[in-house]
Amino acid sequence: MLVGRVVVYRLFDVGGEIHLDQVLARLASSSPDRVRPASGEVQAFEISNPPLTCSLGTEQLTVLGQRRQVELSARIYDFGVISLRVRVDAGAPLTLAEFTRFGRAVNATSEITELLEDEAIQLVERMGTTIERPRIAKVREDYVVYHVTDTSAGDDGPPLRDVMLDADLVPLLLGESRPLSEEARRELLPHRFSYYADDLAILSWDNALIVEPSGAVSDVEYILEFANAQLLELRYYDSLLDGELPKLYDRIEKARVRRRRFIGAGYSQLLGEMQTLVAEVTELVERAENALKVTNDVYLARVYTTALDLYRAKTWRAGIDRKLTIIRDTYAMLNGEAQARRAELLEIAIIALIVFEIILSLVSA
């Protein structure tokens, strides 16, 4: 038997930089705190600006036909992301099959999505001017952590992590009711990590199972949430650039039409906007990527690196870099075109002056 909980995360991009010191004063009634990982080796983490964690109270939700009290909380990151969380405790000890049914039911509860959307709007309003350029982007990042505590076999029996087979975890982590082939299980559930003899962390694309006998919030959960916040930023700016590129082409065409109509018209305003866009995106993406570094803890570094690989963070970053390269190349092309146009106008002016001087000398003669 085991006891456990399910934590549902929904992350939002709510604007530019968030001034966390100001947020502390704004959300004083919610007991905000600059929480760091619980690892005894503080030097294992380099966090340039630790996120702010605050309580948002409790609510009542229906899970498997029963009304349950759930805890709401938020974690606020300085690079413009808020992570809202709903914690649902299973209560009485359950078998793994019962916990799987409970966990999947929580994951499928539409009330949680609606609740977190409403809480995000309220939280952004409470934070007010502490957010630069506040708005809630359309991009969301969802994640679920199934956290269980080993109570199955007492002091003499094997720990729960040793009797958990991949076949038992498929319904919980992958949502599949039919048995998967060995090849599919090996492909879909390869990311297993253990530090102590009785703990376990299994990562998948949109959820994770953490076995932690102490019942405490583990550093793995902290890292996974941080990685999801960084992923959201990459997805947001990739989407932003996807929308900006077609607009850029339209602005270039309008600028060229204006240049044909007016001799003095140029690309200065457009070039300035492109330069600003590249600088802002580059700065904010790098701030998000460098917000957390795991240095001296090999175990947590492996978990963090695997999570980013699993979420395809490098692929998203490569997409952003590719789009920024297109903008830079376009900037160089337009700047070269503008320079060539100025050179042509200068040559025309010089020739006109020469002709004028020749005409003037002939008239004078």
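In what follows, the structure referred to is the one given above.
The shown structure was predicted, so the numbers you read here are calculated from the model rather than taken from an experiment. (Residues numbered from 1 in each chain as written. Predicted model: local features only at pLDDT ≥ 70, side-chain atom pairs only at ≥ 80, totals over all residues. Heavy atoms only, no water.)

A.B. asks: Which residues make up the overall build of the chain, and what are the values?
C.D. replies: For the chain, the helix and strand inventory stands at 10 helices and 10 strands. Counting only residues that meet the buried cut, the chain has 46% of its 365 residues in that class. Considering only intrachain contacts with a sequence separation of at least 6, the fraction spanning at least 24 residues in the chain is 75%. For the chain, the accessible area works out to roughly 18,500 Å², and carbon and sulfur atoms hold 53% of it. (Helix = DSSP H or I, 4+ residues; strand = E, 2+ residues; numbered from the N terminus. Buried < 20%, exposed > 50% of the residue type's maximum accessible area, 1.4 Å probe, protein only. Contact = heavy atoms within 4.5 Å. Areas by Shrake-Rupley, 256 points an atom, 1.4 Å probe, with all protein chains shown as cover.)

A.B. asks: I'd like to hear about the pairing of strand β5 (residues 81-89), residue by residue, with values.
C.D. replies: Within β5, seven of the nine residues are buried, which leaves it mostly tucked inside the rest of the structure. Both strand β1 (residues 2-13) and β5 contribute to a ladder of nine bridges, which runs antiparallel. Each bridged residue has a counterpart across the sheet, and for valine 6 the counterpart in β5 is valine 88. Taken together, the seven bridges between strand β4 (residues 66-77) and β5 define a ladder with antiparallel strand orientation. Its bridge partner lying in β5, tyrosine 77 is registered against valine 81. Where β4 hands over to β5, the hairpin turn is made up of three residues, of which glycine 80 adopts a positive phi near 100°. (Pairing = 2+ DSSP bridges.)

A.B. asks: Provide a residue-level description of the pairing of strand β8 (residues 200-203), including the pertinent values.
C.D. replies: Covered by surrounding structure in β8 are Leu200 and Ile202 together with Ala201 and Leu203, the residues of both alternating faces. Relative to β8, strand β7 (residues 192-193) runs antiparallel, the two being bridged by two bridges. Bridge pairing in β8 places arginine 192 opposite isoleucine 202. Relative to strand β9 (residues 207-211), β8 runs antiparallel, the two sharing four bridges. Bridge pairing links isoleucine 202 to leucine 209 in β9. Hairpin connection from β8 to β9: three residues lie between these consecutive antiparallel strands.

A.B. asks: Outline the packing of helix α8 (residues 268-289) against helix α10 (residues 313-364), listing residues and values.
C.D. replies: It is the contact of α8 with α10, at a shortest axis distance of 10 Å, that shows an interaxial angle of 155°. Here α8 is positioned roughly antiparallel relative to α10, judged by the angle of their axes. As for the relative orientation of α8 and α10, their crossing is left-handed in sense. Of α10, the residues touching α8 (which contributes Leu270, Leu271, Met274, Gln275, Leu277, Val278, Val281, Thr282, Val285, Glu286 and Glu289) are Arg317, Ile320, Leu324, Ile327, Arg328, Thr330, Tyr331, Leu334 and Asn335. Among the residues making up the contact of α8 with α10, the classes are represented as 12 nonpolar, four polar and four charged. (Axes fitted to C-alpha atoms, helices over the stretch in contact; angles between N-to-C directions. Parallel < 35°, antiparallel > 145°, perpendicular 65-115°, else oblique. Left-handed = near helix turned anticlockwise from the far one by under 90°. Nonpolar A, V, L, I, M, F, W, Y, C, P; charged D, E, K, R; others polar.)

A.B. asks: For the pattern of salt bridges, give the residues involved together with the corresponding values.
C.D. replies: Under the counting rule described, the total for this entry stands at 18 salt bridges. Glutamate 17 serves as the salt-bridge partner of arginine 287, at 3.5 Å between the closest nitrogen and oxygen. Of this pair, arginine 287 sits in helix α8 while glutamate 17 sits in the loop between β1 and α1 (20-26), placing them 270 residues apart in sequence. Using a relative accessible area of 24% as the deciding quantity, one classes glutamate 17 as partly exposed. (Salt bridge = Lys/Arg side-chain N within 4 Å of Asp/Glu carboxyl O.)

A.B. asks: Before we move on, could you go through the side chain of arginine 68 and cite the residues and values that matter?
C.D. replies: By the element assignment, arginine 68 lies in strand β4. Among buried charged residues, arginine 68 stands out as having no salt bridge; its nearest opposite-charge side chain is aspartate 89, 8.2 Å away. For arginine 68, the side chain forms a polar contact with the main-chain oxygen of aspartate 89, separated by 3.2 Å. If we ignore the near neighbours within four places in the chain, the residues touching arginine 68 are Glu59, Gln60, Leu61, Val63, Val88, Asp89, Ala90 and Phe102. (Lys, Arg positive; Asp, Glu negative; His and termini not counted. Polar contact = N/O pair within 3.5 Å; in protein donor to acceptor, adjacent residues only side chain to side chain.)

The analysis is restricted to geometry; functional conclusions fall outside its scope.
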